[in-house]
Amino acid sequence: MDDSGWDQHIRPVGSGGAAEAIARRLSELIGARMLVAGDRFPSEKALAEKFGVATMTVRQSIAVLREEGLVETRRGARGGTFVVDNVLHRIKEMAGLRPYTASQVEELSAWRQAISGEASARAAQRADADAHARLRELAARTHQTLPNADDYRTADAALHLYIAELSGSQRLLEAEQGIQSELTHLLAAHPGSVEARSTPGQMHEPLTRAIVSGDPDQARKEFGIHAQATADMCLIFSRDKA
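Residues numbered from 1 in each chain as written. Predicted model: local features only at pLDDT ≥ 70, side-chain atom pairs only at ≥ 80, totals over all residues. Heavy atoms only, no water.

(A) How the structure looks around the environment of L88. Positionally, L88 belongs in helix α5 (residues 87-97). Given the relative accessible area of 15%, L88 is considered buried. Leave out the neighbours within four places in its chain, and L88 touches R33, D150 and T184. (Helix = DSSP H or I, 4+ residues; strand = E, 2+ residues; numbered from the N terminus. Buried < 20%, exposed > 50% of the residue type's maximum accessible area, 1.4 Å probe, protein only. Contact = heavy atoms within 4.5 Å.)

Next comes the structure, spelled out in structure tokens:
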């Protein structure tokens, strides 16, 4: 993610519990596949300025991510803090320790329909020709990456984040980032088969077609179908609370 991306997705945090909030935010960006293996963080000083906190607070946050195995800090002229090469494997390990229950899957699906469904409707009202072209490009990318679960997760997240961006709402975009991070954790252990990822409900063409046609009601409806298809796939592997 380049400097403009950091500026777009980071805002100052309050003083209370700032280190925890920053660690959670950075972890969310990794989970949402906005930061991927090998990506380098800005310097601690630069991050502190973006978050509006002291450098020591950022240092504490990065230490938390290191302990979780999500980042590593390298020394020397080419040093800095980087997302670890095996970050998706680490997320799978973390997901295995806290598997989702059926009720949690259903709750996430309801949250998606409220947030992502509204973002889809707003995108249908606001997107222009250039946005339509980019939307089709991202949707095509999800189809191309179907055989590889990790690549598909990255492409899928990028598409939904772009739809949220097209909504014109910063709050919807930030909420979508959290949703995509949760989906990465949910799908880490059980990403489903190629067949499951390519069911009619999982495919993105109906949703993108509704947005491009400028039909907000249809876009909201198509997203609901898409979200339910994902939930149905995940419910097969979810567990009930003991």
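(B) Looking closely at the pairing of strand β1 (residues 71-74). One ladder, built from 4 bridges, connects β1 with strand β2 (residues 80-83); its direction is antiparallel. Residue V71 lies in a different strand from β2, and its bridge partner there is V83. (Pairing = 2+ DSSP bridges.)

(C) Summary view of helix α3 (residues 44-51). Taken together, the buried positions of α3 are L47, A48, K50 and F51. Down the axis of α3, the sector holding all buried residues measures 165°, keeping them to one side. Opposite its buried face, α3 presents the exposed residues K45 and E49, each directed more than 90 degrees away. Once α3 ends, the next one or two residues include G52, with phi positive near 70°. (Arc of directions from axis to C-beta.)

(D) Summary view of helix α12 (residues 216-235). Compared with an ideal rise of 1.5 Å per residue, which puts 20 residues at 28 Å, α12 spans 28 Å between its outermost C-alpha atoms and is within 8% of the ideal. For α12, the set of buried residues is A219, E222, F223, G224, H226, A227, A229, T230, A231, M233 and C234. Contact partners of the buried residues in α12: α6 (102-126), α8 (149-166), α9 (170-189), α10 (194-197) and α11 (205-212). For α12, the N-terminal capping position is held by D215, with its side-chain oxygen 3.3 Å away from the main-chain nitrogen of D217. (Expected span 1.5 Å × (residues − 1). Polar contact = N/O pair within 3.5 Å; in protein donor to acceptor, adjacent residues only side chain to side chain.)

(E) Representation of the environment of I30. Structurally, I30 is set in helix α2 (residues 18-31). Excluding its chain neighbours within four sequence positions, the residues that come into contact with I30 are L35, F41, L70, V71, V83, V87 and I91.

(F) A look at the pattern of salt bridges. For the structure shown, the criterion picks out 9 salt bridges. With its nearest N and O atoms 2.5 Å apart, the salt bridge here joins R25 to E28. Here R25 pairs with E28, and both are found in helix α2, just 3 residues apart, close to one helical turn. Note that R59 and E44 form a salt bridge whose closest N and O atoms lie 2.9 Å from each other. Placement of the pair is R59 in helix α4 (residues 55-67) and E44 in helix α3, with a sequence separation of 15 residues. Residue R59 is classed as partly exposed on the basis of its relative accessible area, which comes to 37%. Taking the relative accessible area as the measure of exposure, E44 reaches 24% and is therefore partly exposed. Because the salt bridges share partners, they merge into one network encompassing E118, D217 and R220. (Salt bridge = Lys/Arg side-chain N within 4 Å of Asp/Glu carboxyl O.)

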